[in-house]
Amino acid sequence: MTRVYLDNAATTKVRAEVVEEMNKAFTIEYGNPSSIYEEGESAKALMIDARERIAKCLNASANEIFFTSCGSESDNWAIKGAALRYGDKKKKIIISAIEHHAILHTCDALAKQGFEIVKLPVDEYGVVSLDELKKNIDDNTLIVSIMYANNEIGTIQPVKEIANICKEHKVLFHTDAVQACGSVPVDVKDIGCDMLSLSGHKLNAPKGIGLLYIRKGLVINNLIDGGQQERGKRAGTENLPYILGLAKALELACQEMEETSARISDIRDTLIAEIEKEIPYCRLNGHRTQRLPGNVNFSFEFIEGESMLLFLNIKGFACSSGSACTSGSLDPSHVLLAIGLPHEIAHGSLRMSIGKFNTKEEVLSIVPVLKGIVQRLRDMSPLYEDFMNGRDFVQGKCALCD
Amino acid sequence: MYSAKVMDHFENPRNVGEIPDANGVGVVGNAKCGDIMKMYLKIENDVITDCKFKTFGCGSAIATSSMATELIIGKTIKEAMALTNKAVAEALDGLPPIKMHCSLLAEQAVKAALKDYYDKNGGIPEEYNDYFNVLDEDADEHEHGEEE
C-alpha cells in the first residue's frame, strides 16, 4: 500500500542533496576540525563555511551560532544557561502555557531550584496574551521564552512585539523556533530575540543536529565544559557531517521558501475547507491565518484520537493526535487544554502536518478516508448516540480518575 | 504496540450496538478521561443471551469492550460475574502496561450492567456483593498505566 506521511511536524525525510553533502564528511572530509594537519584544516574550512551559510539564513553572524544535538538541547541550554548565569539576581522566568515540553520541563526543574515560573495564557486560537506579558514582566524577570510557532496547532506568535516588550524592560528573550525555521522566514535581527532554538530534522536535515543562536554580547553558562569547540561553550568534537547537512537543508529551505510555502499553504487551506465541508461536528484548532503553512489540526467530537490514528495507519496515513492515550499521560495535550477545549474535545484531536514531499492529491485523499473513520467511530460511540437522540451525555463514574 | 488479537478486535469489533429491550445497562468511565463504555445485557433465566456495547475511547478500549462481550455471551450471571480484567487482557494476548486500565474498564462495564439488572430485580444477592467491589475501586488503588 502506498503510504501518505502527514506527520512532518514530528520529523521529516532527509533530502537527497543533504545526504550527499553529509556523505562527503563521512568518507572524504572525515578529519577532526581541531587538528592542524591537512585533513583537519579542510574539515575546519567546511565547518566555517557551513556556520556562515547557516548564520546568513537567520541574518545572524557566524559567531552567534552554536551547534547542539537537537532542539530540546538548545531549549534547555538557553533557559538553564541564563538561569545559572543571572539567577542570583533575578528569579522570574516567563513562558507561555503552550510551550514544548523541552521548555516546560526545563522550567519545572528550575522551579524546584527556587525560580518563579509564570505561564502566560493564550486565547482560543493559541495566541499568547501581550497584556498578560506586560502585567507580569518586572525587574525580577530573568528571561521570557515564547515559541515562534506552536508544534501542535501551528499558531504563530507575535514574537516581534514580545521582543520589544522584553527590550523595554531589559529582559532576555528566547524563542523556540524549531517549528518555524525552514517553513517561515526567521530573521533574528528583525525579531530582536536574544536567543533562538532550531532543530535540523524538522527541515529535512537529519535527527541529531540543532543549534542555539546566542546574540553577540550575551553570555550564558557553558553547556559542556571541555575543549574549545563552539567557542568553549559546548565542548565535544563537532558533528561535521550533520552540520554540513543542516547547512544544506536550511539553505535550500530558505531559497525555496516562497514557492514551497505558497504551495503547502494552498494544500493546507484546501484540506481545511474539505474537512469542514465533509465532516460535521469538527473544529479547527489554532489560528486560521496566523498559522504554519503545513499545519492542520482538527478536533472531531464524540470520538477519541488514538483510535482515529490506528484506523488511519491501517489505511496508509501517518498522523498524530493530542489525546491522552497518545500523550502517554492522563490528560490530553496541554496545548489543546490551554486554548480552552474541554477534555472530551481535546481527546478527539488530529494533527496532519504537510511537508515538502507531499502532493496535493495525496494529502486530499485523506478526506474520504477520514470521513469514513470518523463516522465508524461515532457509530460506536455512546456520546454520539446520546447526542443524536437529543439526550445529555452519558457520564459514568470513572473509578480510575475521580 | 498492540497484539494481533487486539488489532483484530479493534478493526472488527464484535457485538457493537444497542439492545432495545436490554434488561441490564451499565455505563462506566467519562469523557474527561477519554474513555466511556456502555454495555447492554439481555438476560434470560440467569443466562446472558445477548450483549452489545458502545465505546468512546482508544484502540484498546474498543478491543477490550469487544472481547468482554465475547467472553460473557452464553454464560450464566455467576460465570459473568467472575470475569476479571486480567482474563480480558489475557484473551487479547496481553495489553501494553499503560493500557491495562482499559481492561479494568471493560470488567467494570460488565459489572455495572449486571448491577443494573439486579437493581431492577430485587437487588444484588448478598453472597455476590464482593463481585461488585471493583465498581468502587478508586484511583489510589488503580492508577492509569499501572501494570497489574
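K.L.:
With reference to specific residues and values, describe the pairing of strand β6 (residues 172-176) of chain A.
P.N.:
Residues and elements named next belong to chain A. Burial within β6 is extensive, with five of its five residues counted as buried. Across the two faces of β6 the burial is the same, with L172, H174 and D176 and F173 and T175 all buried. Pairing analysis gives three bridges linking strand β5 (residues 141-145) to β6, with the strands arranged parallel. In the strand pairing of β6, I143 is matched with L172. With respect to chirality, the unit in which β5 leads through helix α6 (residues 159-168) into the neighbouring parallel β6 is right-handed.

K.L.:
Got a sec to walk through unusual backbone geometry? Specific residues and values, please.
P.N.:
One non-glycine residue with positive phi stands out, namely A:R231, at about 55°. By the secondary structure assignment, A:R231 is in the loop between β8 (210-214) and α8 (240-255). Backbone geometry places B:N45, a non-glycine residue, at a positive phi of 50°. Note on placement: B:N45 falls in the loop between β2 (35-44) and β3 (47-56). Relative accessible area serves as the criterion here: at 77%, B:N45 is assigned to the exposed category.

K.L.:
Please give an account of the pattern of salt bridges that cites residues and values.
P.N.:
In total, this model carries 29 salt bridges over all chains according to the counting rule given. Its salt-bridge partner being A:D138, residue A:K92 comes within 3.0 Å of it at the nearest N-O pair. Residue A:K92 is found in strand β3 (residues 92-96), and its partner A:D138 is found in the loop between α5 (130-136) and β5; the two are separated by 46 residues along the sequence. The exposure class assigned to A:D138 is partly exposed, which follows from its relative accessible area of 28%. Between A:K360 and A:D266 there is a salt bridge, and its shortest N-O distance comes to 2.9 Å. With A:K360 in helix α14 (residues 360-364) and A:D266 in helix α9 (residues 257-278), this pair connects stretches of sequence that are 94 residues apart. In the salt-bridge network here, residues are joined through shared partners; they are A:E385, A:D386, B:E18, B:K38 and B:K54.

K.L.:
Can you lay out the side chain of B:K111 for me, pointing to particular residues and giving the numbers?
P.N.:
Residues and elements named next belong to chain B. Summarising the element assignment, K111 is placed in helix α5 (residues 100-120). Of the residues examined, K111 reaches a relative accessible area of 3% and is grouped as buried. Within the structure, the side chain of K111 is placed 3.1 Å from the backbone oxygen of M81, a separation counted as a polar contact.

K.L.:
Tell me about the environment of A:G294, residues and numbers included.
P.N.:
Residues and elements named next belong to chain A. Position of G294 among the secondary structure elements: in the loop between β9 (282-284) and β10 (295-300). For the pair G294 and A9, spaced 285 residues apart in the sequence, the C-alpha separation amounts to 8.2 Å. Dropping the residues within four chain positions of it, G294 is found in contact with I264, M352, S353 and I354.

K.L.:
An account of α8(A) is requested, with residue identities and associated values reported.
P.N.:
All names here are of chain A. A rise of 1.5 Å per residue sets the reference length of α8, with its 16 residues, at 22 Å; its end C-alpha atoms lie 22 Å apart and thus fit the reference within 8%. For α8, the buried fraction is high: 12 of the 16 residues fall into the buried class. Those residues of α8 lying buried are L240, P241, I243, L244, G245, L246, A247, A249, L250, E251, L252 and A253. Where α8 is buried, its residues contact α1 (16-27), α2 (38-57), β2 (65-68), β7 (195-199), β8 and α9.

K.L.:
Explain the sheet that holds β2(A) residue by residue, including any values.
P.N.:
Residues and elements named next belong to chain A. Read from one edge to the other, the open sheet built from seven strands follows the order β2-β8-β7-β6-β5-β3-β4, with strand pairing classed as mixed. Looking at the sheet topology across the chains shown, the edges are occupied by β2 and β4 (116-120). Each adjacent strand pair in this sheet contributes to an overall mean axis angle of 20°, direction not counted. In the sheet, β6 pairs with β7 via three bridges, with the strands oriented parallel. The residue bridging H174 from the neighbouring strand is M195, located in β7. Those strands touched by α2 are β2 and β8, and its axis lies near 110° from that of β2.

K.L.:
Residue-level account of the confidence of the model for chain B, with values.
P.N.:
All names here are of chain B. Per-chain confidence: chain B averages 90 in pLDDT, with 92% of residues scoring 70 or above. A low-confidence stretch, residues 139-148 (pLDDT under 50), is modelled with 21 contacts involving residues beyond four sequence positions or located in other chains. With pTM at 0.94, the complex prediction returns an ipTM value of 0.91.

K.L.:
Which residues make up the side chain of A:D75, and what values go with them?
P.N.:
Residues and elements named next belong to chain A. Summarising the element assignment, D75 is placed in helix α3 (residues 71-86). Of the buried charged residues, D75 lacks a salt bridge, with K202 as the closest side chain of opposite charge at 10 Å. A distance of 2.7 Å separates a polar atom in the side chain of D75 from a polar atom in the side chain of S197. The contacts of D75, once residues within four sequence positions are left out, are A102, I103, H174, D176 and S197.

The rules behind the values
Residues numbered from 1 in each chain as written. Chains lettered and ligands numbered in written order. Predicted model: local features only at pLDDT ≥ 70, side-chain atom pairs only at ≥ 80, totals over all residues. Heavy atoms only, no water. Buried < 20%, exposed > 50% of the residue type's maximum accessible area, 1.4 Å probe, protein only. Helix = DSSP H or I, 4+ residues; strand = E, 2+ residues; numbered from the N terminus. Pairing = 2+ DSSP bridges. Right-handed = clockwise from strand over helix to strand, strands pointing away. Salt bridge = Lys/Arg side-chain N within 4 Å of Asp/Glu carboxyl O. Polar contact = N/O pair within 3.5 Å; in protein donor to acceptor, adjacent residues only side chain to side chain. Contact = heavy atoms within 4.5 Å. Expected span 1.5 Å × (residues − 1). Axes fitted to C-alpha atoms, helices over the stretch in contact; angles between N-to-C directions. pLDDT = per-residue confidence, 0-100. Lys, Arg positive; Asp, Glu negative; His and termini not counted.

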